Amino acid sequence: MNQFSLSGKHVLITGASSGIGRQCAVSCSESGATVTLVARNTDRLKETESQLNGCRHFSVAQDLSELDAIEDVVKSTVKKNGKIDGFIHAAGIEGTEPITLLNAIKYKSYFDINVLAGLEFSRFLTKKKYCNTSYASLVFIASVMGTLGQPGKIAYSASKGALVNAVKSMALEFAGKNIRVNSISPGIVLTPMTENLFASLDADSKQAIINMHPLGIGTVTDVANACIFLLSDAAKWITGTNLIIDGGYSAK
Ligand SMILES: NC(=O)c1ccc[n+]([C@@H]2O[C@H](COP(=O)([O-])OP(=O)(O)OC[C@H]3O[C@@H](n4cnc5c(N)ncnc54)[C@H](OP(=O)(O)O)[C@@H]3O)[C@@H](O)[C@H]2O)c1
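Numbering of residues starts from 1 in each chain and follows the order in which that chain's sequence is written. Reporting in this predicted model follows two pLDDT cut-offs: at least 70 for local features of residues, and 80 or more for side-chain atom pairs to be given and counted; totals over whole chains, interfaces and linings ignore these cut-offs and use all residues. For the side-chain quantities, the full set of heavy atoms in the structure was used; hydrogens and water were omitted.

Trainee: Describe the pattern of salt bridges, naming the residues involved and giving the relevant values.
Mentor: A pairing counts as a salt bridge when a side-chain nitrogen of Lys or Arg comes within 4 Å of a carboxyl oxygen of Asp or Glu. Considering all chains together, one arrives at seven salt bridges under this definition. We note a salt bridge from Lys9 to Asp233, for which the minimum N-O separation is 3.0 Å. In this pair, Lys9 sits in the segment before strand S1 (10-14) while Asp233 sits in the loop between helix H8 (220-231) and strand S7 (242-245), placing the two residues 224 residues apart along the sequence. With respect to class, Lys9 is no different from Asp233; both count as buried. The partner of Glu94 in a salt bridge is Lys153, and the shortest N-O contact between them spans 2.2 Å. Placement of the pair is Glu94 in the loop between strand S4 (86-89) and helix H4 (104-125) and Lys153 in the loop between strand S5 (136-141) and helix H5 (154-174), with a sequence separation of 59 residues. Each residue is assigned to one of three classes by its accessible area relative to the maximum for its type, calculated with a 1.4 Å probe on protein chains only: buried under 20%, partly exposed between the two thresholds, exposed over 50%. With relative accessibility at 4%, the residue Lys153 sits in the buried group. A run of H or I in DSSP counts as a helix once it spans at least four residues, and a run of E counts as a strand once it spans at least two, with each numbered from the N terminus.

Trainee: Account for unusual backbone geometry, with residues named and values stated.
Mentor: In most cases, non-glycine residues show a negative phi, while peptide bonds are predominantly trans. The residue Tyr135 is not glycine, and still its phi comes out positive at about 65°. In this structure, Tyr135 sits in the loop between H4 and S5. Given a relative accessible area of 35%, Tyr135 falls into the partly exposed group. At Asn178, a position not held by glycine, the phi torsion is positive, near 70°. One can find Asn178 in the loop between H5 and strand S6 (179-186). Judged by its relative accessible area of 40%, Asn178 is partly exposed.

Trainee: Describe the side chain of Ser122, listing the residues and the values that go with them.
Mentor: By the element assignment, Ser122 lies in helix H4. With relative accessibility at 1%, the residue Ser122 sits in the buried group. Apart from residues lying up to four places away in sequence, Ser122 is in contact with Leu138, Phe140, Met170 and Phe174. When checking whether two residues touch, look at their non-hydrogen atoms; a contact exists if any pair is within 4.5 Å.

Any functional reading would require information beyond the geometric quantities listed.
Take a look at the structure:
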């Protein structure tokens, strides 16, 4: 039996309309999982669905800043495709703003999507009625910015740092239920989010960011492969970790 297979598992993925979340959906389906896709943009969700292997997948269009709607997303997902074995929280927002441009409303917008939406999903989908607790696994896409600093990244870093540490406490809280919880901290990966970031920079600044990664910048598949590992039974003794995937960015 292939320990890395996701065959027979049902995985719910937020941020599945783009970038890392989309590739996670494609790779999970290629590894045998049934996936439920969550994001706001219906057309882009459909585009992801069209790239999936197999046919039982479905999408839920939902703005995750509406935190009160999350239990219904979990409910409808389970009703449609059965209990959940895996969760990837890839929905997220990024920005570069010095503290003079930040305020409580802006901090909250980062935290709502990057942290609170993921924690609310965890609250509901770890319930017995929604979760298959023989080796269920939750994976949160954090960032190297969750453990390292950079000017202009206070709000983003704060949200990703919160996520990395919340994962550790969740791992301990859910271990008795056989639910594993881990985060992945990527360095720069080429996605629409990064394209937006690069579009705001001059050529030298862009090259400087690329040069900070000894193996070059990453691909969405580099992150999706790690998600598959953490969701699979091959990782059944791994919980409470933060897996850094950054082409050597943070090794210095
Ligand atoms: N790309 C990188 O270099 C990099 C590095 C480290 C960490 N990360 C993290 O990886 C995750 C994915 O990033 P990415 O680069 O793939 O970004 P992306 O291509 O911009 O995708 C972001 C996803 O989040 C969803 N999303 C954003 N706001 C939402 C909301 N209010 N409600 C529901 N869904 C929402 C978007 O869907 P809709 O617009 O359809 O709602 C989209 O599917 C993020 O958490 C990011 O912080 C990325």
